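Residue-level listing of the chains:
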Amino acid sequence: MRNSFADEITQLAKEDKRIVLLSGDIGNKLFDKFKEVDPARFHNCGIAEANMMSVAAGLAMSGLRSIVYTITPFTTTRCFEQIRVDVCYHEAPVIIVGTGAGLSYADLGPTHHSLEDLAILRTLPGMRVMAPCDAVELRLALREALKGNSPVYIRIGKKGEPKIHNTTPDFIIGKSITLREGSDVAIVCAGTIMTEALAAADLLHVEGISAEVVSMHTIKPLDDAYLVKVAGKCKLLATIEEHGVIGGLGSAVAEWRSETNSPIPQICFGTPDEFMHEVGSQEYARKKYGLKAGNIASVITERYKSL
Amino acid sequence: MSSIEDIQQRSRTLRSRIIETSHKASMPHLGSCLSCVDILSTLYFSVLKIDPKDHKSPLRDRFILSKGHGAPALFQVLAMRGFYPESWLDNYGEDGGIFAEHPPTPCYLAGIEAATGSLGHGLPMGLGMALAARILNQQYNVYALLSDGECNEGSIWEAAMFAGGKKISNLCVIIDFNKWQATDRSQDVLALDPLADKWKAFGWDTVEVDGHDIYQLQKAFSNFPSKTGKPMAIIAHTIKGKGVSFMEDDNNWHYRIPNEEEVKKSKMELGINQ
């Protein structure tokens, strides 16, 4: 996914002279082609994310389009006040990209996990929050973000994530993409955990449960219209995200249910309120937290049959 | 360019207005405002290439009050420079107004380049603006006024390293070095000295001046942008509460609000009659 980001932003930089890429001393060789396009528009800001975010705001306030790129916790929690004050308060159209989001870097330990970024970024006025499910959505998200004139946060995976979209879907920020139609259960998913959502839908099909699968690539603004529609059709709604259950996609959907008095029951799949102290791969971490297709399908089946 | 005498007179008027507003609107940070008045009047009346009638010009110089708590001083100097009528300041601090303890965002008030107040943000944002000039091949300069206490913030030194390393030569930092921060001597809170050497070590040209001497300030600004290609840090030695004998170097005036009698005495010392 990060290679697709580098490729797409390089293409965009050729087309749009306003694009300036700031990186926090990561991506060795990743941006060599971007630098060939225009070395003046790439800056390695060093391991100094607070300054990098403020510089991005200053660039954006001067007519440029700055993109900030580093590992997710360092471009979100590390410099949250700079995002809040310099980017959002000033309505500076900065695009913040967090790589290795969720449990992508599970084996690097909790310093590199990012299970609260969606929650905190969602609280900021004017900030749009996105979690594309694959490289196709990421490329589209970048292009759409550049068309707008307000801050955007995009969390992405690391590398080698499977492609979900075989064709280029219509992509609008704040409008979900239905990957599979269904009538019993709606699986609303954000981010690269989509592979598990789709696999879970296959397992549910075997159980005789028809599951709709949706890429809710934009967590804020949330696609309320889709939720209204699906709540009138399905009996159960499940949200899946590689993020804590506090404050992310599941919470956003729960807020919508509360605001609209929607009677549809919801299951939130996400990580619990804890740090993962043992070592493990992303697969291990997903399994530990019940985010693999098998567990998702069995929890949904049990709940669905009890309705 | 205004004469030194003219700028000195403007500083006296500004100090008087700041003190009156502090009394009327119960606005704190009086000492911090008075220490930077001469720097502001020198910049706004003899250095900055700005036009209040064309305040969004892409080629304008940018001034950022990184020490955002000096806003009561900035608001007065912007009015005096003609960005908005001085009468706007009559309802300073009123509910629903725009003039608060810290500057608003630029779209809410002409002349403001950045909303500051959380320390350590203004310089890095200004650095971004200075870098933008280089990328866009524009000729403007960026000035950021910092407090000595603000140099506690790590982000100041992140920005200092970036600007020094990349030789952002159109960036000028002025440090209102009044030797105090909110609750103590700045040197006693964190190891600040040797302040000029620190900036120098980070790759900046540095100069130390008396921050109340208009001539010295103008001379320092006249050497910016530096021929060395480095960013410039002007360490301006100042006195907190400058201009009023009973406020000078007394840190109680970081938060204290002057009463009617004190306003009268201040104005008499400043030679302001109205």
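Residues numbered from 1 in each chain as written. Chains lettered and ligands numbered in written order. Predicted model: local features only at pLDDT ≥ 70, side-chain atom pairs only at ≥ 80, totals over all residues. Heavy atoms only, no water.

Participant: Give me the lowdown on the overall build of chain B, citing residues and values where you can.
Facilitator: Looking only at helices and strands, chain B features ten helices and five strands. With the principal axes as the frame, chain B shows a C-alpha extent of 50 × 45 × 35 Å. Taken over 274 residues, chain B has a buried fraction of 59%. At a minimum sequence separation of 6, the contacts of chain B that also span at least 24 residues come to 75%. Accessible surface computed for chain B: about 10,800 Å², of which carbon and sulfur atoms make up 49%. Of the charged side chains in chain B, 28 are positive and 33 negative, and the gap between their average positions amounts to 6 Å. (Helix = DSSP H or I, 4+ residues; strand = E, 2+ residues; numbered from the N terminus. Buried < 20%, exposed > 50% of the residue type's maximum accessible area, 1.4 Å probe, protein only. Contact = heavy atoms within 4.5 Å. Areas by Shrake-Rupley, 256 points an atom, 1.4 Å probe, with all protein chains shown as cover. Lys, Arg positive; Asp, Glu negative; His and termini not counted. Charge placed at Lys NZ, Arg CZ, Asp CG, Glu CD.)

Participant: Before we move on, can you summarise the overall build of chain A with the specific residues and values?
Facilitator: If you tally the helices and strands in chain A, you get twelve helices and twelve strands. Residue pairs in contact within chain A that sit at least 24 positions apart in sequence constitute 76% of those at least 6 positions apart. Approximately 11,800 Å² of chain A is accessible, and the part contributed by carbon and sulfur atoms is 51%. Charge-centre separation for chain A: the mean point of 33 positive side chains lies 3 Å from the mean point of 37 negative side chains.

Participant: Quick rundown of the interface of chain B and chain A? Include the residues and the values.
Facilitator: Contact with chain B, which involves 24 residues of that partner, is made by 23 residues of chain A. Each partner contributes to the roughly 1,900 Å² buried at the junction of chain B and chain A, and carbon and sulfur atoms together form 66% of this total. Between the two partners, chain B and chain A, sit zero salt bridges. Mapped by element, the contributors of at least two residues to the side of chain B that touches chain A are α5 (122-136) and α6 (154-165) of chain B. By residue number, the principal contributor to the side of chain B that touches chain A is α5 of chain B, which donates nine residues. Of the residues that constitute the side of chain B that touches chain A, the class distribution is 16 nonpolar, five polar and three charged. (Buried area = accessible area lost by both parts, 1.4 Å probe. Salt bridge = Lys/Arg side-chain N within 4 Å of Asp/Glu carboxyl O. Nonpolar A, V, L, I, M, F, W, Y, C, P; charged D, E, K, R; others polar.)

Participant: Give a detailed account of the pattern of salt bridges, specifying residues and quantitative values.
Facilitator: Where charged atoms from two side chains of opposite charge approach closely, those side chains can pair. All names here are of chain A. All chains considered together, the criterion is met by 28 salt bridges over all chains. Between Arg143 and Glu15 there is a salt bridge, with the nearest N and O atoms lying 3.3 Å from each other. With a gap of 128 residues between them, Arg143 in helix α7 (residues 135-147) and Glu15 in helix α1 (residues 2-15) connect regions that are remote in the sequence. Here Arg180 makes a salt bridge to Asp202, at a shortest N to O gap of 2.6 Å. Residue Arg180 is located in strand β7 (residues 177-180), and its partner Asp202 is located in helix α8 (residues 194-206); the two are separated by 22 residues in the primary sequence. Note on Arg180: relative accessible area 31%, which makes it partly exposed. Taking the relative accessible area as the measure of exposure, Asp202 reaches 44% and is therefore partly exposed.

Participant: Can you lay out helix α9 (residues 224-231) of chain A for me, pointing to particular residues and giving the numbers?
Facilitator: In an α-helix, one turn spans 3.6 residues; hence positions three or four apart end up facing the same way. All names here are of chain A. Residues of α9 that are buried: Tyr226, Leu227 and Val230. In a view along the axis of α9, the buried residues occupy a sector of 100 degrees, so they form one face of it. In α9, the exposed residues that point more than 90 degrees away from the buried face are Ala225, Val228 and Lys229. Summarising the contacts, the buried residues of α9 are in contact with β7, β8 (185-190), β9 (211-215), β11 (236-244) and α10 (249-260). (Arc of directions from axis to C-beta.)

Participant: Outline the sheet that holds strand β4 (residues 95-99) of chain A, supporting the account with residue identities and numerical values.
Facilitator: All names here are of chain A. Strands sit in the order β2-β1-β3-β4-β6-β5-β10 across an open sheet of seven strands; the sheet is mixed. A strand with exactly one partner marks an edge of an open sheet, and here the two such strands are β2 (42-44) and β10 (218-220). Strand-to-strand, the axes of this sheet are offset by a mean angle of 20 degrees, without reference to chain direction. Pairing of strand β1 (residues 19-23) with β2 involves three bridges; the strand directions are parallel. Bridge pairing in β2 links Leu22 to His43. Lying over the sheet, α1 contacts β1, β3 (65-71) and β4, oriented at roughly 150 degrees with respect to β1. (Pairing = 2+ DSSP bridges. Axes fitted to C-alpha atoms, helices over the stretch in contact; angles between N-to-C directions.)

Participant: Any details on the packing of α8 of chain A against helix α12 (residues 293-306) of chain A? Residues and values, ideally.
Facilitator: Between two packed helices, the angle of one axis relative to the other and the distance separating the axes together describe the packing. Residue and element names in this part refer to chain A. Contact geometry for α8 and α12: axes closest at 8 Å, N-to-C directions at 50 degrees. Judged by the inter-axis angle, α8 sits oblique to α12. Relative to α12, the crossing made by α8 is right-handed. Contacts from Glu196, Ala199, Ala200, Leu203 and Leu204 of α8 reach α12 at Ala293, Gly294, Ile296, Ala297, Ile300 and Thr301. A per-class count over the contact of α8 with α12 returns eight nonpolar, two polar and one charged. (Parallel < 35°, antiparallel > 145°, perpendicular 65-115°, else oblique. Left-handed = near helix turned anticlockwise from the far one by under 90°.)

Participant: Run through empty space enclosed by the protein, naming residues and quoting values.
Facilitator: Residue and element names in this part refer to chain A. Considering all chains together, one arrives at three cavities of 30 Å³ or more under this definition. Volume-wise, the largest cavity comes out at about 110 Å³. The residue inventory of the lining of the largest cavity, partitioned by class, reads six nonpolar, two polar and seven charged. Put simply, the second largest cavity is a space of about 80 Å³. Around the second largest cavity sit Ala101, Gly102, Ser104, Pro132, Arg155, Ile156, Gly157, Ala190, Gly191, Thr192, Ile193 and Glu242, which together line it. Looking at the lining of the second largest cavity, its residues break down into five nonpolar, five polar and two charged. Both domains that meet at the lining of the second largest cavity, namely domain 1 (2-155) and domain 2 (177-306), each give it at least three residues. (1 Å grid on protein atoms, 1.4 Å probe; cavity = no way out; pocket = protein on both sides within 12 Å on 5 of 7 lines; lining within 4 Å. Points joined across faces, edges and corners; volume = space filled by probe spheres on them. Domains from an automatic or database assignment.)

Participant: Tell me about the environment of Gly248 of chain A, and please be specific about residues and values.
Facilitator: Examined against the element boundaries, Gly248 of chain A turns out to sit in the loop between β11 and α10. Taking the C-alpha atoms as reference points, Gly248 of chain A and Ile120 of chain A, separated by 128 residues in sequence, lie 8.5 Å from one another.

Participant: Pulling in residues and values, what's your account of the side chain of Thr192 of chain A?
Facilitator: Residue and element names in this part refer to chain A. In this structure, Thr192 sits in the loop between β8 and α8. According to the relative accessible area criterion, Thr192 is buried, its value standing at 14%. In contact with Thr192, other than residues within four places in its own chain, are Met1, Pro132, Cys133, Gly157, Glu161 and Arg286.

Participant: I'd like a description of the packing of aromatic side chains, backed by residues and values.
Facilitator: Under the definition given, this model contains 17 aromatic pairs over all chains. Over the aromatic face of Phe177 of chain B sits the side chain of Lys179 of chain B, whose NZ or CZ is 4.1 Å from the ring centroid. (Phe/Tyr/Trp six-rings, centres within 6.5 Å; stacked < 30°, edge-to-face > 60°. Lys NZ or Arg CZ within 6 Å of the ring centre and 35° of its normal.)

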